[in-house]
Amino acid sequence: LARLGARSFGLRFEAEEERVLEAIVGAAAALAERSHGALIVLARETPLDPLAETGTRLDAEVSRDLLETIFQPRTALHDGAVILRGTRLVAAGCILPLAHDEALAREFGTRHRAAIGVTRDTDAVAVVISEESCRISLAVGGQLVKNLDAAALREMLVLYTAGEGGK
């Protein structure tokens, strides 16, 4: 019974991770299609509490609708980043450290430089949607992978977040 319980708990948690993954990918695709910029940071091992404190604490269940609503232009929280931890949206409207390289400043806007900066300083993964180009990018380890479609974003998120278990 103990093994059966452990297995069913693991399956349930994996289903929750899958639900969150689909919410992120679906929201990113919809936001890009509408030219709405966004920055979604997925915490991994490194605590992002100091960054979350710069925004509005939400502690909400991650959903596609919530992500799309937060990043509607001219709303109070759309200009900052959202920080996710496991299956929870911890905070929105968060201010992140910017990467200050001269070359980056010429090539990228604030959202992209913030995604690069937070992933240089932590082990987080960041999804960026550009309102200018309507393209989706993923930042990992201070590097940016640009021009992703929904399928490629999903694949990369699975690669970089699988087994995190909301740590």
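Details of the structure are given in the entry above.
Residues numbered from 1 in each chain as written. Predicted model: local features only at pLDDT ≥ 70, side-chain atom pairs only at ≥ 80, totals over all residues. Heavy atoms only, no water.

A. Seen up close, helix α5 (residues 110-121). For α5, which comprises twelve residues, the first-to-last C-alpha distance of 16 Å matches the rise-based estimate of 16 Å (1.5 Å per residue) to within 8%. Along α5, nine of the twelve residues are buried, which leaves the element largely enclosed by surrounding structure. Among the residues of α5, those classed as buried are R111, H112, R113, A114, A115, I116, G117, V118 and T119. (Helix = DSSP H or I, 4+ residues; strand = E, 2+ residues; numbered from the N terminus. Expected span 1.5 Å × (residues − 1). Buried < 20%, exposed > 50% of the residue type's maximum accessible area, 1.4 Å probe, protein only.)

B. Just the sheet that holds strand β6 (residues 136-140), in detail. Read from one edge to the other, the open sheet built from seven strands follows the order β2-β4-β3-β1-β5-β6-β7, with strand pairing classed as mixed. If you trace the sheet from one side to the other, it starts and ends with β2 (56-61) and β7 (143-148), each paired once. In this sheet, adjacent strand axes meet at a mean angle of 20° when their direction is disregarded. The sheet contact formed by β6 and β7 spans four bridges and is antiparallel. Bridged to A139 within β7 is L144. Packed on one face of the sheet, helix α6 (residues 150-161) meets β1 (38-42), β5 (125-129), β6 and β7 and runs near 15° to β6. (Pairing = 2+ DSSP bridges. Axes fitted to C-alpha atoms, helices over the stretch in contact; angles between N-to-C directions. Contact = heavy atoms within 4.5 Å.)

C. The arrangement of unusual backbone geometry in detail. We note that D59 has phi near 45°; this positive angle belongs to a residue other than glycine. Within the fold, D59 resides in strand β2. Phi angles above zero are rare outside glycine, and N147 is one such case at about 60°. If you trace the backbone, N147 turns up in strand β7.

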